[in-house]
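# Fold and contact review
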Amino acid sequence: MLSEISTFSRFLYLNAYAFLLAFGGIGIALMPCYRIGWWLVALQVVLFWICEKNALRIFRSWSDKKRKYAVLMQKNSAEFRPDTFTEYVQAPCGQLLVKIVLADLNKPYEYRNLLKLKQPLWKMLKTGCKSQKTVIYINNKKL
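The structure reproduced in this document is the subject of the present report. (Residues numbered from 1 in each chain as written. Predicted model: local features only at pLDDT ≥ 70, side-chain atom pairs only at ≥ 80, totals over all residues. Heavy atoms only, no water.)

## Re the packing of aromatic side chains
Taken as a whole and assessed by the stated rule, the structure comprises 6 aromatic pairs. Judged by centre distance (5.0 Å) and plane angle (80°), the ring pair of Phe-11 and Trp-62 falls under edge-to-face. Taken together, the positions of Phe-11 in helix α2 (residues 8-14) and Trp-62 in helix α5 (residues 62-77) put the pair 51 residues apart, joining distant regions of the chain. Note on Phe-11: relative accessible area 23%, which makes it partly exposed. According to the relative accessible area criterion, Trp-62 is buried, its value standing at 14%. Ring plane angle 75° and centroid distance 5.0 Å describe the contact between Phe-19 and Phe-59, whose orientation is recorded as edge-to-face. (Phe/Tyr/Trp six-rings, centres within 6.5 Å; stacked < 30°, edge-to-face > 60°. Helix = DSSP H or I, 4+ residues; strand = E, 2+ residues; numbered from the N terminus. Buried < 20%, exposed > 50% of the residue type's maximum accessible area, 1.4 Å probe, protein only.)

## Observations concerning helix α6 (residues 92-104)
In this model α6 runs 19 Å from its N-terminal to its C-terminal C-alpha over 13 residues, within 8% of the 18 Å that 1.5 Å per residue would give. Positioned one or two residues after α6, Asn-106 has a phi angle of 60°, which is positive. (Expected span 1.5 Å × (residues − 1).)

## Observations regarding the pattern of salt bridges
A complete count under the given rule lists 4 salt bridges for this structure. The partner of Asp-83 in a salt bridge is Arg-81, with the nearest N and O atoms 3.6 Å apart. When salt bridges that share partners are traced, they join Asp-64, Arg-67 and Lys-68 into one network. (Salt bridge = Lys/Arg side-chain N within 4 Å of Asp/Glu carboxyl O.)

## Regarding the side chain of Arg-10
Relative to the helices and strands, Arg-10 resides in helix α2. A distance of 2.7 Å separates polar atoms of two side chains, one belonging to Arg-10 and the other to Asp-104. (Polar contact = N/O pair within 3.5 Å; in protein donor to acceptor, adjacent residues only side chain to side chain.)

## Overview of the packing of helix α4 (residues 38-60) against α5
Axis separation between α4 and α5 bottoms out at 5 Å; the angle between their running directions is 45°. Our classification of the angle between α4 and α5 gives oblique. Contact residues: α4 offers Ile-58, Phe-59 and Arg-60, while α5 offers Trp-62, Ser-63 and Lys-65. Residue classes in the contact of α4 with α5 are distributed as 3 nonpolar, 1 polar and 2 charged. (Axes fitted to C-alpha atoms, helices over the stretch in contact; angles between N-to-C directions. Parallel < 35°, antiparallel > 145°, perpendicular 65-115°, else oblique. Contact = heavy atoms within 4.5 Å. Nonpolar A, V, L, I, M, F, W, Y, C, P; charged D, E, K, R; others polar.)

## Notes on unusual backbone geometry
A positive phi angle is found at Asn-106, which is not glycine, with a value near 60°. Among the secondary structure elements, Asn-106 is positioned in the loop between α6 and α7 (111-114). On the accessibility criterion, Asn-106 (61% relative accessible area) is exposed.

And the structure:
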């Protein structure tokens, strides 16, 4: 199954946001901000660094994307289970992965139904900013 996703065209597709960030960062770096003021050059450097750092982070997640693809294909090969896609529809990069998995399952029409699982931005921010209690079980015993 991993060979199905390990193609050059799929690499380009799944890393589209990384390419967008990388080229956007280069565009920011090439702007002649020194003509306006040196304080703007400092802002330019910070924005360039943020774009390139995040682009690199997305590129480095390629092996993780292949693993997630295999997991989704395995969980949905016998029976289609929309609940397995909930985590992936929350982020743009995950939505691209969902589209590829659905195409390989011959169920591209299910994408609209899966988008209903996506939480609104305000709700994601609210739950993401709260501290969550972590419980660890070892041998069915709560620590």
